[in-house]
Amino acid sequence: MERCHLLIRGEMLITAPDEPPVPEGALAMQGDEIVAVGPASELAHRFDPAREIVRPAGLILPGLINAHTHAAMTLLRGLADDLPLKAWLEEHIFPAEASLTPELVALGTELACAEMIRCGTTAFVDMYLYEDTVASVVDRTGLRAWLGEGVFDFPSPAFSCGENALDETLRLMDRWEGHPRITVTVDPHTPYTCRPELLARARDIAEQTGALTVIHLAETDWEDAEVKRLYGCSPAEHLDRLGLLTDRLLAVHCVCLDREDITLLARRGVRVAHCPESNLKLGSGVAPIPELLAADVTVALGTDGAASNNDLDLMSEMDTAAKLPKGLRKDPTLISAAAALSMTTTWAARALHRQDLGVLRPGAKADIIVLDMDQAHLRPCYHPVSHVVYSARSGDVQDVVVAGRVLMENRRLLTIDEKALLRRVREALEGLSFPA
């Protein structure tokens with residue numbers, strides 16, 4: 001018999017959203033990769049596992065990928081609700097962030113990692129402050145992440161100017177080069193918080209290193225009007241003139257796009273991170289996802305930060321992403337359950353240029369979650385993909401594996417002391433007063 005370090009068996013297995021599920025399925029892992037997927041009866045005879053997890057009511061599927069968040073903003077959850085983006089950001093969030101330290105960012109990031117693991121997220125894309133600290137937490141807790149230091153024209157709590165933040169990006173690339181789960185990205189904040197010269201340097205760094213670039217783009221009507229006032233064109237056209245629109249750009253939000261913008265993004269191969277719940281809560285609008293998909297733009301799903309969502313729950317985000325266009329357009333065929341799940345698995349992996357993520361197949365990375373289907377709201381189950389999107393909840397996530405390492409087993413976190421973490425969060429915030 002073949003050896004494997006972990007074998008997981010379940011009631012059903014989803015290899016990818018557009019593939020038929022495997023009843024009584026199983027998968028075998030060796031190291032950080034999947035080595036076999038198929039009927040449990042076949043794999044049980046083929047493999048002698050060092051360890052086995054058996055879930056008779058388990059639905060096994062690829063780990064979810066959060067394509068955009070600001071992890072440490074868990075510390076700002078609920079601080080300034082029910083405000084438009086510009087006022088929320090400039091009058092409340094930026095002032096509150098001035099109080100942040102590397103220690104607080106580490107604490108907020110660990111809190112985010114605990115929340116994301118419990119919600120079935122195995123990988124996330126983060127833009128924030130003190131990203132070296134964020135990387136250290138990710139390294140310790142076992143998640144997979146793409147991390148970028150936020151770049152602004154003005155001083156941030158971490159750096160005196162955007163040029164220094166870009167210097168830090170280069171340093172982070174050197175420090176974390178070759179890490180199996182951490183990838184450094186180039187992260188200019190927005191077209192209106194970065195002058196053209198700063199955006200051009202960000203572009204040059206990305207081109208020289210081959211790194212992905214992440215930027216908030218066309219999030220609000222105000223941004224659209226401001227960029228047109230300053231540069232005489234839309235935010236997307238502005239980035240295109242600067243050479244940033246490429247297939248290695250992850251453009252976040254993309255709410256305010258016209259037909260020409262969508263055509264331009266499609267022609268340049270730009271990937272889009274869709275954050276519907278944050279956009280709804282901030283009153284920014286609704287991204288034209290059906291039109292982007294019709295133009296063959298790759299769309300991934302993100303939660304945004306917990307200060308504007310106010311959670312990091314991709315399970316509920318998928319439900320919103322699928323239902324929102326149906327209600328707005330009065331067309332129930334828009335954004336199927338399979339499409340919504342693809343936004344957090346196969347399409348998200350494509351957005352990050354990773355063919356070895358978002359699917360369960362031999363050679364793919366062993367990033368896996370198991371849902372406990374033995375719940376009243378999950379029975380009966382005719383279509384498991386539909387169930388994941390429309391019926392499942394984050395509390396149904398039972399097991400989480402990243403790179404072959406079990407991070408949560410039977411709803412118990414293994415790499416984070418959750419009780420101690422919550423105590424440390426309370427203690428750290430007791431004497432701290434964020435501007436509200």
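Bear in mind the structure is a predicted one, so any value in this text is a computation, not a measurement.

### Quick word on empty space enclosed by the protein
And step 1. Per the counting criterion, the structure on display carries 3 cavities of 30 Å³ or more.
And step 2. If you add up the space inside the largest cavity, you get close to 240 Å³.
And step 3. Where the lining of the largest cavity is concerned, the elements lending two or more residues are helix H2 (85–97) and strand E9 (121–128).
And step 4. The greatest single-element share of the lining of the largest cavity, amounting to 6 residues, is contributed by H2.
And step 5. Here the lining of the largest cavity is composed, by residue class, of 12 nonpolar, 8 polar and 3 charged.

### Details of helix H6 (residues 196–209)
And step 1. For H6, built from 14 residues, the straight-helix expectation of 20 Å at 1.5 Å per residue is met to within 8% by its first-to-last C-alpha distance of 20 Å.
And step 2. Taken as a whole, H6 has its buried residues at Leu-198, Leu-199, Ala-200, Ala-202, Ile-205 and Ala-206.
And step 3. Turning to H6, the residues buried within the fold contact strand E10 (144–151), helix H5 (162–176), strand E12 (187–188), strand E13 (213–217) and helix H8 (235–241).
And step 4. Two residues or fewer past H6, Gly-210 is found with a positive phi of approximately 80°.

### Considering the pairing of strand E15 (residues 271–274)
And step 1. In E15, alternate side chains face the same way, and those of Arg-271 and Ala-273 on one face and Val-272 and His-274 on the other are all buried.
And step 2. In the sheet, strand E14 (residues 249–253) pairs with E15 via 3 bridges, with the strands oriented parallel. Paired with Ala-251 across the two strands is Val-272, which belongs to E15.
And step 3. Pairing of E15 with strand E16 (residues 299–301), which is carried by 3 bridges, proceeds in the parallel orientation. Opposite Ala-273, over in E16, you have Ala-300 as the bridge partner.

### Side note on the pattern of salt bridges
And step 1. Enumeration over the complete set of coordinates arrives at 33 salt bridges.
And step 2. The salt bridge partner of Asp-139 is Arg-181, with a shortest N-O separation of 3.6 Å. On the criterion of sequence distance, the pair formed by Asp-139 in helix H4 (residues 131–141) and Arg-181 in the loop between H5 and strand E11 (182–184) is long-range, its members being 42 residues apart.
And step 3. The class for Asp-139 is partly exposed, based on a relative accessible area of 31%.
And step 4. Here Asp-224 and Lys-228 are joined by a salt bridge, their closest N and O atoms 3.0 Å apart. One end of the pair, Asp-224, and the other, Lys-228, are both in helix H7 (residues 221–231), 4 residues apart, so they sit about a helical turn from each other.
And step 5. Given a relative accessible area of 14%, Asp-224 falls into the buried group.
And step 6. Take Lys-228: its relative accessible area is 39%, and that puts it in the partly exposed class.
And step 7. Within this structure, Asp-153, Glu-163, Asp-167, Arg-195, Glu-197 and Arg-201 form a network of salt bridges that share partners.

### Some thoughts on H5
And step 1. For H5, with 15 residues, the first-to-last C-alpha span of 21 Å sits near the 21 Å given by 1.5 Å per residue.
And step 2. Elements that come into contact with the buried residues of H5 comprise H4, E10, E11 and H6.
And step 3. Gly-178, located one to two residues past H5, shows a positive phi value of around 85°.

### Topic: the pairing of E13
And step 1. Of all 5 residues in E13, 5 are buried; the element is thus mostly enclosed.
And step 2. Burial of E13 is two-sided: the residues Thr-213, Ile-215 and Leu-217 facing one way and the residues Val-214 and His-216 facing the other way are all buried.
And step 3. Pairing of E13 with E14, which is carried by 5 bridges, proceeds in the parallel orientation. Bridge pairing in E14 places Leu-217 opposite His-253.

### Comments concerning the nonpolar core
And step 1. Counting 117 residues, the largest nonpolar core has Trp-88, Phe-124, Leu-265, Leu-292, Met-318, Leu-371 and Val-388 as its most contacted members.
And step 2. If you tally residues by element for this core, the top one is helix H3 (residues 102–118), at 10 residues.
And step 3. Once residues lying within four places of it in the same chain are set aside, the contact partners of Leu-292 are Leu-257, Ile-262, Leu-265, Val-272, Val-297 and Val-299.

How each quantity is defined
- Residues numbered from 1 in each chain as written.
- Predicted model: local features only at pLDDT ≥ 70, side-chain atom pairs only at ≥ 80, totals over all residues.
- Heavy atoms only, no water.
- 1 Å grid on protein atoms, 1.4 Å probe; cavity = no way out; pocket = protein on both sides within 12 Å on 5 of 7 lines; lining within 4 Å.
- Points joined across faces, edges and corners; volume = space filled by probe spheres on them.
- Helix = DSSP H or I, 4+ residues; strand = E, 2+ residues; numbered from the N terminus.
- Nonpolar A, V, L, I, M, F, W, Y, C, P; charged D, E, K, R; others polar.
- Expected span 1.5 Å × (residues − 1).
- Buried < 20%, exposed > 50% of the residue type's maximum accessible area, 1.4 Å probe, protein only.
- Contact = heavy atoms within 4.5 Å.
- Pairing = 2+ DSSP bridges.
- Salt bridge = Lys/Arg side-chain N within 4 Å of Asp/Glu carboxyl O.
- Core = buried A, V, L, I, M, F, W, Y, C linked by side-chain atoms within 4.5 Å.

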